[in-house]
Amino acid sequence: MIMAIFRYPRPASSDITPKDVYLSRREMLGAGALSLTAALAGTASADALKTHPGPYSGGLAPTPEEFVTGYNNFYEFGMEKDDPVSHSGDFHPLPWTLEISGMVKKPQRLDVGALLKSSDIEERIYRMRCVEAWSMVIPWDGIPLAKLLQAAEPESGAKYVAFESVVRPSEMPGQSSAFSGISWPYVEGLRLDEAMNPLTLLAVGIYGESLPNQNGAPIRLVVPWKYGFKGIKSIQRIRLLDRQPPTTWNRLAPSEYGFYANVNPQVDHPRWSQASERVIGSKTLFGTKRQPTLMFNGYGEQVADLYRGMNLHDNF
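Rules behind the numbers
Residues numbered from 1 in each chain as written. Predicted model: local features only at pLDDT ≥ 70, side-chain atom pairs only at ≥ 80, totals over all residues. Heavy atoms only, no water. Core = buried A, V, L, I, M, F, W, Y, C linked by side-chain atoms within 4.5 Å. Buried < 20%, exposed > 50% of the residue type's maximum accessible area, 1.4 Å probe, protein only. Helix = DSSP H or I, 4+ residues; strand = E, 2+ residues; numbered from the N terminus. Contact = heavy atoms within 4.5 Å. Pairing = 2+ DSSP bridges. Axes fitted to C-alpha atoms, helices over the stretch in contact; angles between N-to-C directions. 1 Å grid on protein atoms, 1.4 Å probe; cavity = no way out; pocket = protein on both sides within 12 Å on 5 of 7 lines; lining within 4 Å. Points joined across faces, edges and corners; volume = space filled by probe spheres on them. Nonpolar A, V, L, I, M, F, W, Y, C, P; charged D, E, K, R; others polar.

Overview of the nonpolar core
- I238 and L240 are the most contacted members of the largest nonpolar core, which has 82 residues in total.
- In terms of residue count, the dominant contributor to this core is strand 5 (residues 134–144) (six residues).
- The contacts of L240, once residues within four sequence positions are left out, are I100, S101, G102, M103, V104, L149, P154, A158, Y160, V161 and L192.

Here it is, written out as structure tokens:
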């Protein structure tokens, strides 16, 4: 429990990376803001994707890219917000195979490199709300998870979907750190009906290019009505089960990080309020903008029926 408390402190405004540090990759190199290795970590191999506009993207202005790629929680590379961009340069996201197995009639072994060349990739501009009470708007590029699960043909008894990330301590220095408190691999889970919801995305890119290492290359989960820690990165295995799977943060601190992790301004974290959020990349005369947190992160119309009759204070 002590480890978990250390891992998820409430960030202060001073923790936000200054905009002038992450103006652009070219400006970072020219100004010497980061070393060459750090500046190019996870971005040198970025390729343009063949995308088409998807649903649920109207009316949202994306956060500037420098903040999305420079302010990350990805504990496989370290505990600080700038560790992922600084320490992910040795990570090799391709070639990559994604396995879908468990309670399915047709197990799948998918070549993610081939997925990156697919014409089925959709752009989805989603709100992203971190449990630490900060938020962004991110233009993801990906494939609906339902499409891949349907191809695997779930068995009638399947009720949950379990996700597992890669373990490569030689490329991911946070996995060899004694300070993370995490038992690797990082694991997550959804109910099957949540996984099949049209909003749920397996992202392979942002801003029209393949995912940078620090953002979860080569493939990650995006569930926009849930707190960001549900969005497991660098996924290697997906299994369909008849029982609720363990999840990393729920295993570390079950009183703080529930299995569902739905964004809910009425259910506070034990150590801070969830009623409002800091908008990363924004500036006002009084500092970083704060705004009210929306129930289900603003996606209630699409997902509220999934939880009809559930006590969302108990099932947090």
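Still more to cover.
Structural notes on the sheet that holds strand 6 (residues 160–165)
- Taken in spatial order, the five strands line up as 3-2-11-6-7 in an open sheet, and their pairing is mixed. Each edge of the sheet is formed by a strand with only one pairing partner; in this case those strands are strand 3 (108–111) and strand 7 (187–191). In this sheet, neighbouring strand axes are inclined to one another by 15° on average, regardless of whether the strands run parallel or antiparallel.
- Both strand 2 (residues 97–102) and strand 11 (residues 235–241) contribute to a ladder of four bridges, which runs parallel. Directly across from I100, in strand 11, lies its bridge partner I238.

A look at empty space enclosed by the protein
- A full pass over the atoms with the stated rule returns three cavities of 30 Å³ or more.
- Residue lining of the largest cavity: 24 residues in total, with N73, F74, R220, G228 and K233 positioned closest to the centre.
- No other element matches strand 5, which puts four residues into the lining of the largest cavity.
- Looking at the lining of the largest cavity, its residues break down into 15 nonpolar, six polar and three charged.

Taken by themselves, the reported measurements are silent on function.
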